[in-house]
Structure formats: structure tokens, C-alpha cells
Amino acid sequence: MTFSPELEARFAKLLESYPTGRQRSAVVPMLLYAQDEIGCVTQELVEEVAHRCGVTPLQVDEVIGYYSMLHRKPLGKYHVQVCTNIACQAVGAEELWDHACERLRLGNKEVSPDGLISLEEVECLGACSWAPAIQINYDFHHHVTPERFDRLMDALANGSYSKKAS
Amino acid sequence: MRYNEPSPLEQMIISYRFDLPNSTSIDTYLANDGYVAVKKALAMTPEAIIEELKVSSLRGRGGAGFPTGMKWSFVPRNTGKPTYVICNSDESEPGTCKDRLLMENDPHQLIEGMLIAGWTIKSNKGYIFIRGEYRYLIEIVDRAIAEAYERGYLGKNILGSGWDFDVYTHTGAGAYECGEESALLESLEGKRGIPRLKPPFPAVVGAFQSPTILNNCETYSAVPWIFRNGGAAYAALGTPKNGGTRLMCVSGHVNKPGVYELPMGFPLMRLINEICGGIRNGKKLKAVIPGGSSSPILKAEECDIPLDFDSLAKAKTMAGSGGLVVLDEDTDIVAVALRTIKFYAHESCGWCIPCREGTTWLKKILSRFHDGGGLQSDIDLIGELAGNMLGRTFCALGDAAAMPTAAFIAKFRGEFEAYLNKSRSTQSVPELAVV
Amino acid sequence: MADPVNFTIDGHQLQAAPGTLVINAAKQAGISIPSFCYYDNLSLQAACRMCLVEVEKTPKLQVACTLPVAEGMVIHTDTPQVHQARKSMVEFLLTNHPLDCPVCDKGGECELQDMAFRYGAGFSRFREAKIHVDEKQWSPIVFYDAPRCILCYRCVRICGEGLGVSALGIGNRGAAAEIVPNRGDHLECDECGLCIDICPVGALTSGTYRYKTRPWEMEHVGTICTHCSNGCKTTLGVRNGQIIRANNRDRSGVNGEFLCVKGRYAFDFYDHPDRLTAPLVRQGGELRPVSWAQALAVVAKRFSEIRAKNGKFGVIGSNHTTNEENYQLQKFARQVLRTSNIDHHRTGDVATLLDALNGRSNALASTADLFNINAALIIDADLAQEQPFLAFQLRANWRLRKGHVYAVTPGPVREDNYATTVRSDFGKEFDALESLRERLAAESELAILFGAAIRGEDVRRLVAFGDSLGIPVKYVALVDYSNSRGAADMGLLPDLLPGYRPVSEAGLGPGLDYDQILAAADLNALWVVGANPLSRQTLASGDAFVVVQELFLTETAQRADVVLPTFCAYEKNGTVTNVCGDVQKLNRGPKTMGPKPDLDIIALLAREMREDLGPVKVDHVFDEIRKSVHGYAVPLGIIETGGAVQAVPLNGHIQIQSRPELIRSAGNTLYTSGTLGRYSQMLNSVIEAPGALYHDPHKAPVVRKGSVQVETTEEYR
């Protein structure tokens, strides 16, 4: 399997960062970074990571099933993650979630037909004091009201979304 | 950056650089007491370092509040094996968002804390385990690490000491359980984040089967101040056996939610009223979850309490990770209980029976209950099932699920009963199977 | 030894070695502490939480399966709190577990059912929807039903730790956690079924057995596997005279819980549609079914005629028939046919080894020794493929006793994962041994297991090498089949009588060997008992009268003039001797109509020819063997009760004619078993069949062979 030069460089650095004979440590980071580049964890990726880290494909499979950020199916180009845990819940996250489902016409872990957006109800994102919070890919957005959510979704749809604006 | 206005009542000793321009750069750090502590520590023996930490009465900021000096003292030196320094930045406890700020605004402080830990046990490698959702922080911390290498604070022969130390970031990929220290180590080794059987504890058999210091991000971040100003000065900031300050993460129904650095033992009601501007919309306080979602809830009348490990333990709850969720009088406790148990059912690793099955069963009962299909007998059943989990699971996640659930029922039974009298849903209650 | 620790369990003052786990200390005192995940000799999990006990001065209940006893510890296993905890664990387990025991394949022998009966409640408080996941088939042998799985991880551990195959893992997490196979939707493994046998519930079931019967409808007959030479005990589940399954029900054999795919599933050849049920006699060029009386009369008549003319007989015996049958066969050949032309397919040079070891005692390793010895050396064998139980023993030794294992092999083997291995071409083994000399000599003792490539003079050279190490060395000459060793011990050799006595003692000279019999153009009669020489070689004598005793119409049987259908090992009583010399008893399981045991056929032929071969019944023949064959005076009580005793037929120098070229291993893998294997549908249905010897474990995804994985030592210890 071939990856972008940046990703290859990251992989090389990763494999060097663990003690000798402990390259298995790179399994989770490799999967996550590769997923970011190719969209999901494919069987080919499983074999590739297993090969590079000196483990069996089964050992990679076990890891994929365990971590909630690793996905076997492609996510949307923009993965919208709405936290509904207690701190966000206290300030309207459940209403925000319902709004998001309605606005995007998507359920939990569903992808829009055009592949642009996927939606997921997630656990605490670590933005409790600035709730309710969502993440679009890896960008945090704080104090998200339904109106702000709509503006963000509009931006995603019309291509004007730019990274980082919390 | 900060995401909320600081309060004048804060006592900033680990967050005071947050407001400096370019706070993440090594130049800013060096211009503001940076890497002074490590120079001092390099002149100290491990015993002296550990003693200083013991004097400081610094306790682990991850949740359990274990005395840090003692934890470092458990690490055997001279076993012939390499040793490791691991930072737990897998911040996932609902209500908690402090490690994020520490790494976002002052990564060098964390690196310096880890350096001192590394020197203490003559470790040559440290890893910062950052939850997968905090991807942008990996970039920030990696940049700081690169700067530290450039200036000779990391790498070979640090400050002419003849000692080498490397630090790396390592990303998680979505698993609350990896905040449990032994599960974190499994995850670091590329495996499922299943906690390990203890003993042996990580101090003795930790990362890569070797002796390991493993602390929370905030714990390491407090270490440089202690070595600049002395353990006694740090201890004096807090209450007995609860040294220093901590970042309190306040969320929920207050006017000014935010992360505030306060001395240990700061009164909870002052935090709510004087720092956070009281309950929003003029509502009354109903309850506070004082230390992340695993800590049993405090009713309003129990909230006249200092925020330190021992006082909260005495009140049969815990200071935990310092995440306080403040709930006003309109809060639906059943909904909070349901959301809490949903979280633990989602995050249970599934290793042991009582946690795997218990959290799932509780989630199902509370879902039905919340949807209007509750039964009087469910209330006792919920309490009983939580009791059947408590103290019987493989790791603390089972307790973390059972304790708050039991407290919701015990302290807000009336709210559960009131649910029974609400309009019944159309959902029928399934009959019990005859077996 | 450290001083024992004193402690109290349920009021009993007890002592145990330091480090003893409470669950085991209690067991020794006759106190049962329930558990699912704890399993002897596998890593500790503390996952099922069934074994919680009260320990005084400890506030929380403690897990007995991971808690070592300590001086002065006071433990209670029978308090209301403990009972309540157990009851609650069973309740938790049953929430998602289907409560359909009457139709579950495991019903009646399910540990969860037993636990619920003993510790559970008679009612359920769970009124929510259960999580349903469809059952999956992972191979022709292994089926997995996730909702029934209690996640005790026994299967994962026995596959990884026990076998070193690691074909099973854990997928998902939380309530969705389940066992997953190594190839996504299917398994590529040894197909041994250990995971199925070890499963306490009905989560893992076998394709051969599932939904065929209720366990209590079967009789359970412990007997010895008829495939390879390792002599594993297999328990046949027999209903209405038919084998329904084979497993390791009581774990009382030398093999403990071990059985390979052949021992568990390859019994099915016995009722293959091609099985011969009536004697056949060639009439008008074709084999036609006749009565036993007719067939025996034909054979007796022709044998008598040929004997009267001093004709040339050749007798080829079997590696599968019992010691009693082999003993009587050689007696028949020598007494009745008055020939020394008797041999069998030799798969290891046992005779030369015994000769090289003459005068020593304690120089042959038993299967138990392989677990207990401090070091072992494998030469020229793909042990996990060819001698699976011996491989299991060595791995267990390494894992549990920290024994050292060395291997000198021409290609990669599974033992590479934990052994010190040296690659060496056939014929270069002794160079490799020299490279290991220093390390071997530093061991306190050693067992050497060698394959067929070490034969003749090389065996003597090997023993000399062993002697030169200056440490006690025990040997195993690896052979292929269930009674290969017994065939040699019982004198199915042209120059040796039972017990390796010279043939001259019977007043005979050495006869023709295996190859010579087949090559003799003037051979008048060939009698083949349970062997298939014509599958690889040709019979030179075109007009020889050929009698074959067989289960199937093999290549050899097709050439026969008379075919006498016989019982297989599962259908008869008798004894067999495994590769290490352990003598064990076969017990008759199914009652098959038509064929007869070879022992009866030999006796009937003798009667037909008016000859007296002495004892006829199995027990009487065994009695004679015990009295007359050196080393076989084994205690009857142990053999009769299903135990194993090592027969050590060392009697000084053996007068053998070394014919190393006759030592030929059939090279069977885990999925082949000579001619017999062809008739096992299950063995041929697994995708791993026929397997490959000396395969490269690192090419697991490419080579169609069970994944062999590299795990670090510390993790599997």
C-alpha cells in the first residue's frame, strides 16, 4: 500500500519512537492517521499495518473493534460529532442533537448520500466548560446553538467552511 | 488560548502563562521561569526529589488522588530494565477539560515536569498519551518537543548532565477506558485497552513490562513550580495532605462556566457563586457532580464543602478529575442518570461480567424508565444492580458507573417516583420471562 | 522449597506453598469455588468474577483465582455475602444469554447451566430486549454463537497460549464484545477444536456434532486415537452403536485436554460409504461379496497349499492394528506359515535406537517426560504438524516450566516462535548440533526427538553426541502411526521376534523385508493386514495369491484375491503403544456389523488351518505379551483403568540388519493420515488440508495454513 509522503514520514517517525521490538505500539496511531488519509480502515490497510508493525491481522482487527474512532466504513468528508454527555446535556446538547439529525436528515453514524457529511453522537469531547460542543473532523466548536450549527452546516455545504473558529 | 475569562480569585501557578502572547513557544517559556526547575532537579538525588514531592503533598490530578511522591518512590531503580515516564493526557472523564488547556497553552511546562520524573528514575523515554480527539494538541505538543530538542532540553546529554531523555506523543483512538493507567499502557503497546491484573502495579511492571512513572498531565504540569518554589510553598497553598492548586472545570447551569485554577480546599459554594457568577437565569441550585461523571452527586444542601480529596471522600463522593457539573432546580435527574449510564455502557471494555452486563442492563432499565415505561420495582432494582457491581468489577470503571447511579437513586428517589406518575408512554412494559 | 503458608478456609486450617492461589488451595481442601474464566495452566483473567470470596480484614470481596494465600489469611467461601455475589454474577450473565437450554447444543453439559442451578435464582428480573447476533460458521468444524458467549476467554487462551496458533481474538467492546476468528469471517487454524471443548457454554459448537443428540443419550467410551503416533485419549460419544462425536471429555489421558483435528473429528472414516462390510473373493476376475465362511475357507486352502509346496509367503503387518493382533500375526507367520518374510512400513528407526541404548535404563522419554524435562531438542521434524501432542507438551513445558526447546529443522516450524532453532538441510544435522553443543551441554538434562531422516548409523552417532554432552539424555524415535512403535515391539520385522529377540531363537533365519517382499518375483502369497503398500510400490509377483485385511478397497485391496473386512481401532479392544512407548488400552465404541477384528480373523484362519495359536481373546493374548515381551510386563490395573505405562523393551544388544532405506516417514500433516485420512470427510473438508510441512509461518496469509504468530515470550509465559 502506498501513502502520501507526509504520512510515510509520520509512519517512519512513529516506528522509531517506540523501543526496539515494540513496533506493535504503532498499530493504533498508524490506523488512525491512515484512516484520516484514506477514509476508513480497509482490509488492505489491516494487512499493511499488521505487516509494518510485525503483528497478525487478527491483532489489528482486535484493536479496530475496540477503539470508537476507528471505522471500517467510510465517514463523510466532514465528520460531525455532537457531544451529548452530561455537561453538554445540561446546556441543551440533546436538543442540539435532535436538531442536527433533522437538519442533516441523518441518524447516528450515517453518511449523507453525497458523502459530504457524516453524523455521530459522541461521548465527552473535553469541552465541558464551553458546552455544548461539537467536533467537525478534528476542529472543536464551542457554545454551539442550533443556529450556529446551521451556519456551520451551511458553510460545509457551500464550501466556505474553514478550519478553526470556535 | 483560554475559552473563558479568568477570575480574579484564581491562584494561577500552573496556568499563569496561558495569557502570555505566544504562550506555547519555548522563548516565552524560558522568559517566564521555564526550565529552571529541571536545572535544580538535575542537581538533586532521586531521594531528594521524591522527598520534595512528598513535602509538597501533590496528589494525582487524574482522579484517584494518589500522593505523587509516593508513587514515584515505588519505581524500582537499577533493575537493569529501561524505565519509562508516561503522561496520561487521555482526558475523557465527562466534565473534565483541563489537560486540553495545559497542552494547548503551556506544553513546555508538561515537558519539564516529565523531565524531572525522567531524571528521578533515570529514564530515557517518555510518552505523552493524548486522546485521539485532541489531534490539534498533538501538533502543538510535537512542536514544543521539537523546540526542546533544539535547545538541548531533550535529547542527548541534557544540560551537560550526561543523561539522555526523549519524549514522544502517542495518540489514542477513542476509548475512555484508556484513562485507566494499566489500560493506557496496553493501548500504548498497540493492544486493546483492557486493564491489567494488579499487582504488579505500573511502577514495577508498567510500559513495555518495565518500571514506569505514570501521572496525569496536570500532575506533571505542577512539578516545575514545586521545584522552583519548594514543596513546602506548594503544600501551603492547599489544605493538609492536599497540596497546591488544581484546575477546576466548571460546567452546567452557572453564569460563567470555565476552567479556573484554585487552591485545593476552595469552597464549592464560593466557586459557584463568586467565581462562576451563581446559577444562571436566577434558578436555584439542585445538585453538583463534583469530580467528573463517576463521582456521586451532591445535593444542594451537601454543597457547603471544601474542594479537596479528603473532604469530598468524607462526603462519600470524590474530587476525581476536577470536573464539576452544576445542575439547577429544573434538571431532570433521571435524564442525567440515563446519560451517565449510557456513557459507561458505551465505554465498558467488556472484559468482566458485572461491568459489561451491569452497565448494559442499567442502561436498558433507565432508557425504558425515561421513556415512560418505568415500574416502581425498577427503582430498587437499579439500586440493587449498582450495588451488585460495586467493588466487584475488574477495574474501577464498574465502580465509576455504579457509584453515581446508586447516588442518583438514593438522593433523588422522589424524582424517579415522580416519573412513574407522569403520563405513561405508549410503550408497554415487557413481561418477565418465565424461567 | 520455601516454608508453606498457613491460612484458614471456611474454618479449615490449611497449608500450601507460597504463591498458591486461593481457588486452588480451596480445591485441595475439597472446597469448590466456582469460576468460568479460571482454567488450570492458562493465564489469569479475573474476568468472570464468579470466584469472589470473603477475606477477613479486607473490605471488598476478593477474586480467589488471582489471590495468592498469605500467612494468617482467613477466607470464607460460604457466607451470605459470597452467595449473594455469585447469584448476582449468574444473574448478570443470564441477562443477555439465551434462556433456551432445551434446544441448546450444550444443554446437559453446560457449566453456566450448572452454575445457574447451584448458585442462581429461579426467576429472572431482566425484562429488557436481548442483543441478538446471528450465529456464524467459521469453518466446517467451528461454529460461534455470540449471544451464548460469556467471554471467559478460555478459547482465546488455549489457542494462543496452549497451541501457539492464536487464531482467536476479541472483537468490539463492552456488551458487543465477541470472539473473532483470524481471517475476518473465517478461521485458518489447526481446526483442532480445543476451543470448542474448552468452551463452558454453547457458544462454540462443532460441525460434526451439533444438534445431533443430547449428551445424556450417549455412552462415553474412552479409547486411543487411531491416527498419529502420539496416543492421545479420545472419548467417543456412542449412541445406538454409532459414534456421534469424539472429544476430550474427562481429560484423563496422557494428552490432558489436547486433541488435534484428527483425534476429535477424523473418526468419521469409520462409517464412510465405501467401508467394506462383507468379505470379497475374486471370482471371474472380479471381487464379489461372499460369506465369512467361504472367504476364510478360500484363504486357508490356498495358504495350506502354498505352505505344502514350500512356497514363498510375504506378510506385511500394520501400524494401526493392536499389539495383540500384531503379536498373533507374527506368530501366525512364523509358526503356521513358517516364514520370516514379515515386515511393516517402518517410519522411524526404533530398533537401532534401542540397540544404541543397550544396557541403559531410563533413556527413553515418555510423553509425561516431555512436559517435565528441563530441555528438549527436536531434529528433522515439523513437530506441530506431525506430532501435535508432543509439540503441545513441549510448548506447555516452555510456557509453564520455562523449559528450553531447541530445534534443528530444514524449514521454518511453529516451534521457531519459542525455541532456539537452527535451519539445517537433511544430512547436515550434525553440523547444526555442533553449533548448539555448548548450550545443550549447559542444560541439566535433555530429551532428543528425532525424525525419520536420522536413521541407521546416524542414530548411533546421535546417541554418541548425546553421550558427549555429559548430561542425562532421553530419546524419542519419532514414528508416524498409532501403533508404529507396537508393530516394531511385537516383532513385525524379518529379523526380530517380539521384544527385539533374534529370529534365530525361533529356529528361523532372517526373512525378506518390506521392499524385498514386494520385489520378489517368485512370491506365492502376500498377506497384507491393515497396510497399503501398493499405494506407493508395485508388487513384482504377478501371480501371487494376495489376501488383504482392510477397511476400504485400497490400492492394495484392489489387487487382492481375498479381501477380509476388518474393524478399525475404534471398534475393538486391545492395546497400542505410542511413539514414546506408552502402552494404552483401546475400548470398543461403535458396534459395526459385517467386519471382524483382525485378531478374530487371524484366530479363525488358524482354526481353519487346524493350527493352534494359543490364546484367542484379547486379554489372554495381552497376558502372553506381558509375560513374553520384554518391557511389556506393565501393571494391568493401570492399563485396564485407562492409564498409560511406558514399555521399555531394552534388552541389551539387538541383532539387527541395518536397512536405513526402509525407514520412510509418510510425512503426514495435521490434516492427513495415510490411507485412513482419505476417508475422513471432515479432514478433507477443512481449507487447511492437506497442509504443508516446514511451511513459513510468516507467510500465513498466503500459505493456506493456520496462522502461526510470533508472540513475545513474556506475554505467553
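The model shown is predicted, which means the values in this text are computed figures rather than measured ones.

Trainee: Would you take a moment to explain the interface of chain C and chain A for this structure?
Mentor: When the parts come together, some accessible area is lost, and that loss is often what is quoted as the size of the interface. Counting residues at the interface gives eleven residues for chain C and nine residues for chain A. The element contributing the most residues to the side of chain C that touches chain A is strand S8 (residues 168-171) of chain C, with three residues. Its residues assigned to classes, the side of chain C that touches chain A comprises three nonpolar, seven polar and one charged.

Trainee: Got a minute to help me understand the domain arrangement of chain A in this structure?
Mentor: In terms of domain boundaries, chain A breaks down into domain 1 (5-64) and domain 2 (78-158). Taking the mean C-alpha position of each, domain 1 of chain A and domain 2 of chain A sit 29 Å from one another.

Trainee: What is the right way to read the sheet that holds strand S3 (residues 166-171) of chain B from this model?
Mentor: Pairing between sheet strands relies on hydrogen bonds along the backbone, with the strands arranged either parallel or antiparallel. All names here are of chain B. Pairing within the open sheet is parallel, and its four strands lie in the order S3-S2-S1-S4. Taken across any chain shown, the strands that pair with only one partner, and hence form the sheet edges, are S3 and strand S4 (212-216). Neighbouring strand axes in the sheet, compared pairwise and without regard to direction, differ in orientation by 20° on average. Packing of helix H7 (residues 135-150) onto the sheet brings it into contact with strand S2 (125-130) and S3, and relative to S3 it is tilted by some 170°. Its contacts with the sheet place helix H9 (residues 217-229) against strand S1 (84-89) and S4, and it is angled at close to 95° to S4.

Trainee: Would you mind showing me how to read helix H3 (residues 111-119) of chain C here?
Mentor: Along an α-helix, residues three or four apart share an orientation, since each turn contains 3.6 residues. Residues and elements named next belong to chain C. Listed in full, the buried residues belonging to H3 are Leu112, Met115 and Ala116. Buried positions in H3, seen along its axis, are confined to an arc of 100° and lie on one side of it. Exposed residues lying more than 90 degrees from the buried face of H3 are Phe117 and Arg118. In this structure, the buried side of H3 is in contact with helix H2 (80-96).

Trainee: In this structure, what is going on with the interface of chain A and chain B? I would like to understand it.
Mentor: At the junction of the two partners, chain A supplies 37 residues and chain B supplies 51 residues. The residue inventory of the side of chain A that touches chain B, partitioned by class, reads 23 nonpolar, ten polar and four charged.

Trainee: Whenever I open this one, the nonpolar core confuses me. Can you help?
Mentor: Looking at soluble globular proteins, one finds that nonpolar side chains tend to be buried together. Judged by nonpolar contacts, the single largest core of 422 residues is most densely connected at Leu31(A), Ala47(C) and Ala376(C). Once you skip the residues sitting within four places of it in the chain, Ala376(C) turns out to touch Leu370(C), Leu394(C), Gly403(C), Val405(C), Leu446(C), Ala447(C) and Leu449(C).

Trainee: Hey, could you run me through helix H11 (residues 268-275) of chain B in this one?
Mentor: All names here are of chain B. Listing the buried residues of H11 in full gives Leu268, Leu271, Ile272 and Ile275. Projected onto a plane normal to the axis of H11, the buried residues spread over an arc of 120° and lie on a single side. Close packing links the buried residues of H11 with strand S5 (245-252), strand S6 (258-263), strand S7 (266-267), strand S8 (285-289), strand S10 (306-307) and strand S11 (323-328). Two residues or fewer after H11 comes Gly277, characterised by a positive phi angle close to 70°.

Trainee: I'm lost on the packing of H2(C) against H3(C) in this one. Help?
Mentor: Packed helices, taken two at a time, are described by the angle between their axes plus the distance between the axes. Residue and element names in this part refer to chain C. The contact between H2 and H3 brings their axes to 9 Å, and the two run at 135°. Between H2 and H3, the angle falls in the class oblique. Pair H2 / H3 crosses with left-handed handedness. Only Leu112, Met115, Ala116 and Tyr119 of H3 make contact with H2, whose side of the interface consists of Arg86, Lys87, Val90, Leu93 and Leu94. Tallied by class, the residues present in the contact of H2 with H3 amount to seven nonpolar, no polar and two charged.

Trainee: Hey, could you run me through the sheet that holds strand S3 (residues 52-55) of chain C in this one?
Mentor: Residues and elements named next belong to chain C. Spatially, the five strands line up as an open sheet ordered S2-S1-S5-S3-S4, and their pairing is mixed. Taken across any chain shown, the strands that pair with only one partner, and hence form the sheet edges, are strand S2 (12-16) and strand S4 (62-63). Pairing analysis gives two bridges linking S3 to S4, with the strands arranged antiparallel. Bridge pairing links Leu52 to Val63 in S4. Those strands touched by H2 are S3 and strand S5 (73-76), and its axis lies near 160° from that of S3.

Trainee: Can you walk me through the pairing of strand S27 (residues 582-586) of chain C in this structure?
Mentor: Along any regular strand, the residues point their side chains to alternate faces of the sheet. Residue and element names in this part refer to chain C. Burial runs high along S27: five of the five residues are buried. Inspection of the sheet shows strand S26 (residues 574-577) paired to S27 by four bridges, in the antiparallel sense. From the neighbouring strand, Thr577 faces S27, where its bridge partner is Val583. Both S27 and strand S28 (residues 645-646) contribute to a ladder of two bridges, which runs antiparallel. The partner of Asp582 across the bridge, within S28, is Gln646.

Trainee: Explain the domain arrangement of chain B here, please?
Mentor: Residue and element names in this part refer to chain B. Segmentation of chain B into domains returns domain 1 (26-237), domain 2 (245-328) and domain 3 (333-426). Here the C-alpha centroids of domain 1 and domain 3 sit 36 Å apart. In this complex, domain 1 contributes seven residues to the contact, which on the side of domain 3 involves eight residues. Looking at the side of domain 1 that touches domain 3, its residues break down into four nonpolar, one polar and two charged.

So, how was this worked out
- In every chain, residue numbers begin from 1 and rise along the written sequence.
- To read the labels, note that chains go from A and ligands from 1, taken in the order they are written.
- With the structure being a predicted model, the display of local features is reserved for residues of pLDDT at least 70 and the display and counting of side-chain atom pairs for 80 or more, all residues being used for whole-chain, interface and lining totals.
- The contact rule is simple: place each C-beta atom from the backbone, and if two of them lie within 7 Å, those residues are in contact.
- By definition, any uninterrupted DSSP run of H or I lasting at least four residues is a helix, any uninterrupted run of E lasting at least two residues is a strand, and each is numbered from the N terminus.
- In this classification, Asp, Glu, Lys and Arg are treated as charged, Ala, Val, Leu, Ile, Met, Phe, Trp, Tyr, Cys and Pro as nonpolar, and every other residue, Gly included, as polar.
- Domain delimitation follows an automatic or database domain assignment.
- A pair of strands counts as paired when DSSP detects no fewer than two bridges linking them.
- Each axis is a line fitted through C-alpha atoms, and for a helix only the stretch in contact is used; angles between axes span 0 to 180 degrees, taken between their N-to-C directions.
- Burial is judged by counting the other C-beta atoms within 10 Å of a residue's own C-beta: 20 or more makes it buried, 12 or fewer makes it exposed, and any count in between marks it as partly exposed, with every C-beta position built from the backbone.
- Starting at the helix axis, one direction is taken to each C-beta atom, and the arc is that of these directions.
- Residues enter a nonpolar core if they are buried, belong to Ala, Val, Leu, Ile, Met, Phe, Trp, Tyr or Cys, and are joined to the set through C-beta atoms within 7 Å.
- Orientation labels follow simple angle bins: below 35 degrees gives roughly parallel, above 145 gives roughly antiparallel, 65 to 115 gives roughly perpendicular, and whatever is left gives oblique.
- By the definition used in this description, the sense in which the near helix is turned from the far one sets the handedness, with an anticlockwise turn below a right angle giving left-handed and a clockwise turn giving right-handed.

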